[in-house]
Amino acid sequence: MTDDVVIGPLDLATHVDEALRVQAHAFGLGDDEVAVRRQIVLRHITYPGARALGATTPEGRLVGFVYGMPNDRGHWWSTVVEPYLRGGGAEDWLDDSFVITELHVQPGHQNRGVGRALITTITDAVRQPRSILSAIDIESPARGLYRSLGYADLARNVQFPSAPKPYAVMGAPLPLRRRGI
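Along each chain, residue indices are assigned from 1 in the same order as the chain's sequence is written. Two thresholds apply to this predicted model, a pLDDT of at least 70 for residue-level local features and 80 or more for giving and counting side-chain atom pairs, whereas whole-chain, interface and lining totals are computed over all residues. To get the side-chain values, take all heavy atoms of the structure and skip hydrogens and water.

Draft legend 1. Region of interest: unusual backbone geometry. Residues L174 and P175 are joined by a peptide bond in cis, for which omega reads 0°. Runs of E in the DSSP output that reach at least two residues are strands. Runs of H or I that reach at least four are helices, and both are numbered from the N terminus. Here P175 lies in the segment after β7 (167-173). The phi dihedral of D96 falls on the positive side, at around 55°, and the residue is not glycine. Structurally, the position occupied by D96 is in the loop between α3 (76-87) and β4 (97-105). Even without being a glycine, N111 presents a positive backbone phi close to 60°. Along the chain, N111 turns up in the loop between β4 and α4 (114-124).

Right under this line is the structure:
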């Protein structure tokens, strides 16, 4: 990384507002969306196996974060994506997978390896043999990053309730592919 950013454990319950400021800036969220996501994050971090990492500057400013958890077919996300995965013969990806729930980096710190370090560090520490995530279904730097790590499309044009844009569900075997491999 070109930054002096440190990747380490993040107490998401304590730093939820700081993390959501990163997400709002990176993802263009309004105050109402942030308020809804705050409740979701606070619920998610209580799930068994949930973990979070932050990317912090030497001054202590959070500039990126990732969190995820072992997938559970009873969770809302799984119930929405399951029919799409089943339609493509990829339903088994919902079992024994670690879900990357959110990964966001401040725009000024993007394209410097921060997102790559966050996602590889969090997945290196899990016991599941694979990882799944969802991303807006457009060609974007985020999707390029995921592909470079070994993620492949499992389902496209996934419609989440209240989300204006379709998403893609992607999966990768763990450990994630490293640069140059």
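On we go.
Draft legend 2. Main features of the pattern of salt bridges. For salt bridges, the criterion is a side-chain nitrogen of Lys or Arg within 4 Å of an Asp or Glu carboxyl oxygen. Under the definition given, this model contains 15 salt bridges. Across the pair R86 and E82 runs a salt bridge, and its minimum N-O distance is 2.6 Å. Of the two residues, R86 and E82 both sit in helix α3, four residues apart, roughly one turn of that helix. Put simply, R143 and D153 hold a salt bridge, and the shortest N to O gap is 3.2 Å. Taken together, the residues R143 in helix α5 (residues 141-148) and D153 in strand β6 (residues 152-158) connect sequence positions 10 residues apart.

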